[in-house]
Amino acid sequence: MTAECNLPVGFERDAAIKVTPDAEGVSAGFRTAIAMSGGETRAMGLRGRQVCEELYSLDTVAEKVGRMYQWAGGAAVPVDDILMTGKSSSS
């Protein structure tokens, strides 16, 4: 995954292989993945799934959108309660 994907949580939680957005970088990423054991790739995949379930489930996204509308309506809502960063003032 590239930094330009704007999903740093993937790197923070070791759920992605960092590559540069060019042929050499993608090739290096593939080589890294191929060199990993089956257990390592399964573990990385499970961490990625966990990130998706925590941050991008229908319930989580609906809650974030609701808080965004509250903020847009003038409510004092912490920015981390709106952004999809994995951080929240309520956690």
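Please read these numbers as outputs of a predicted model, since none were measured by experiment.

**Structural notes on the side chain of Thr-2**
Then comes step 1: Its place among the elements puts Thr-2 in the segment before helix H1 (8-12).
Then comes step 2: Taking the relative accessible area as the measure of exposure, Thr-2 reaches 15% and is therefore buried.
Then comes step 3: Aside from chain neighbours lying at most four places away, what touches Thr-2 is Phe-11, Val-19, Thr-20 and Pro-21.

**Remarks on the packing of aromatic side chains**
Then comes step 1: Applying the stated criterion to the full structure yields zero aromatic pairs.
Then comes step 2: One residue, Lys-18, lies across the ring of Phe-11, its end atom 5.0 Å from the ring centre.

**Regarding the state of the cysteines**
Then comes step 1: Scanning all chains against the criterion turns up zero disulfides.
Then comes step 2: For the unlinked cysteine Cys-5, the closest cysteine sulfur is that of Cys-52, found at 12 Å.
Then comes step 3: Assessed through its relative accessible area of 40%, Cys-5 is described here as partly exposed.

**A word on the pattern of salt bridges**
Opposite charge on two side chains allows them to pair when their charged atoms are near.
Then comes step 1: A full pass over the atoms with the stated rule returns four salt bridges.
Then comes step 2: Of the charged contacts, one joins Arg-47 and Asp-14 as a salt bridge, the two residues approaching to 3.2 Å between their closest N and O atoms. Of the two residues, Arg-47 sits in helix H3 (residues 38-56) while Asp-14 sits in the loop between H1 and helix H2 (23-35), which places them 33 residues apart along the sequence.
Then comes step 3: What makes Asp-14 partly exposed here is its relative accessible area of 41%.
Then comes step 4: We note a salt bridge from Glu-53 to Arg-49, for which the minimum N-O separation is 2.7 Å. A residue pair is termed a helical-turn pair when its members lie 3 or 4 positions apart in one helix, as Glu-53 and Arg-49 do in helix H3 at four residues.
Then comes step 5: Exposure remark for Glu-53: the relative accessible area of 45% places this residue in the partly exposed category.

What counts and what doesn't
- Residues numbered from 1 in each chain as written.
- Predicted model: local features only at pLDDT ≥ 70, side-chain atom pairs only at ≥ 80, totals over all residues.
- Heavy atoms only, no water.
- Helix = DSSP H or I, 4+ residues; strand = E, 2+ residues; numbered from the N terminus.
- Buried < 20%, exposed > 50% of the residue type's maximum accessible area, 1.4 Å probe, protein only.
- Contact = heavy atoms within 4.5 Å.
- Phe/Tyr/Trp six-rings, centres within 6.5 Å; stacked < 30°, edge-to-face > 60°.
- Lys NZ or Arg CZ within 6 Å of the ring centre and 35° of its normal.
- Disulfide = S-S within 2.5 Å.
- Salt bridge = Lys/Arg side-chain N within 4 Å of Asp/Glu carboxyl O.

Any functional reading would require information that these geometric values do not contain.
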